[in-house]
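Given next are the chains, with one letter for each unit.
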Amino acid sequence: MDIACIPLTGQVPTDHLLNKVADRLADDGCRLVGALRVPAADTEMGHCDNTLRLLPDGMSIRISQDLGAGSSACRLDAGALAEAAGIAETRLTEQGADLVMLNKFGLSEAEGRGFRALIAKAIESGVPVLIGLSDTHRAAFEDFTGAPANLLPADQEQVLSWCRDVAGAGHR
C-alpha cells in the first residue's frame, strides 16, 4: 500500500505545494485523479471559502456555503463535497490513474464520508495516494488504513521524487 502524507501544520503552504507537484507530474505525463484545494491567494473568496480543483482537468467545485457577510464561520457544503468525491471516484474507475492526490484527510473522511471511498478504491486497485494530513485526524487516518502514516517532508522535490517512484510503470 503506497500512501504518503504531507503534514498539515499551518506553517507550510501545503495547497501551493500540492498544486505545483500535480502540475509538474501532469507535465511529465502522469495520470492523476483527485482533488486539490485552490490556494486562497488564487481566489477572490474569503479566508474560509474552499474551492477544489479536480484532477486531471482542473474543473472547480466550491465546497463551502456562503452564509452572508455577518457570518464569521465557514460551512462545508456536504452536497458539493459528495459531488466532487463522486466525480473523482468515477474518473478513477473509468479512466484509471497513476496517482491519486487529495488536499487532505479531514473531518468528513474521518467520519466515513468525503473522499474516503476514493482512497479505499485507490488502495484496493493498487493506485498510490498522496494526501495532506493534520495531527487532528491522524488517528482516524491510521485506523482507516490500518498502518502508521508515511509522512513526507513538505519539500517539493522530495514529494515529487516519492510520486515518481510509486507511479512506476504507469508513469510515462
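Residues numbered from 1 in each chain as written. Predicted model: local features only at pLDDT ≥ 70, side-chain atom pairs only at ≥ 80, totals over all residues. Heavy atoms only, no water.

## Focus on the pattern of salt bridges
So, point 1. Going through the model one piece at a time under the given rule, you end up with eight salt bridges.
So, point 2. Between Glu157 and Arg24 there is a salt bridge, with the nearest N and O atoms lying 2.6 Å from each other. Residue Glu157 is found in helix α6 (residues 156-167), and its partner Arg24 is found in helix α1 (residues 14-27); the two are separated by 133 residues along the sequence.
So, point 3. You can call Arg24 partly exposed: its relative accessible area is 30%. (Salt bridge = Lys/Arg side-chain N within 4 Å of Asp/Glu carboxyl O. Helix = DSSP H or I, 4+ residues; strand = E, 2+ residues; numbered from the N terminus. Buried < 20%, exposed > 50% of the residue type's maximum accessible area, 1.4 Å probe, protein only.)

## A word on the side chain of Ser64
So, point 1. By the element assignment, Ser64 lies in strand β5 (residues 64-65).
So, point 2. Of note is the side chain of Ser64, whose polar atom sits 2.9 Å from the backbone nitrogen of Asn50. (Polar contact = N/O pair within 3.5 Å; in protein donor to acceptor, adjacent residues only side chain to side chain.)

## Let's talk about the packing of aromatic side chains
So, point 1. In this structure the tally under the stated criterion is two aromatic pairs.
So, point 2. Aromatic side chains Phe105 and Phe141 sit 5.2 Å apart centroid to centroid with 80° between the ring planes, which places their arrangement in the edge-to-face category. Separated by 36 residues along the polypeptide, Phe105 in strand β7 (residues 99-105) and Phe141 in helix α5 (residues 138-145) bring together distant segments of the chain. Pair check on accessibility: Phe105 and Phe141 agree, each one buried. (Phe/Tyr/Trp six-rings, centres within 6.5 Å; stacked < 30°, edge-to-face > 60°.)

## Let's talk about the environment of Pro7
So, point 1. Along the chain, Pro7 turns up in strand β1 (residues 3-7).
So, point 2. You can call Pro7 partly exposed: its relative accessible area is 25%.
So, point 3. Separated by 124 residues in the primary sequence, Pro7 and Ile131 place their C-alpha atoms 8.8 Å from one another.

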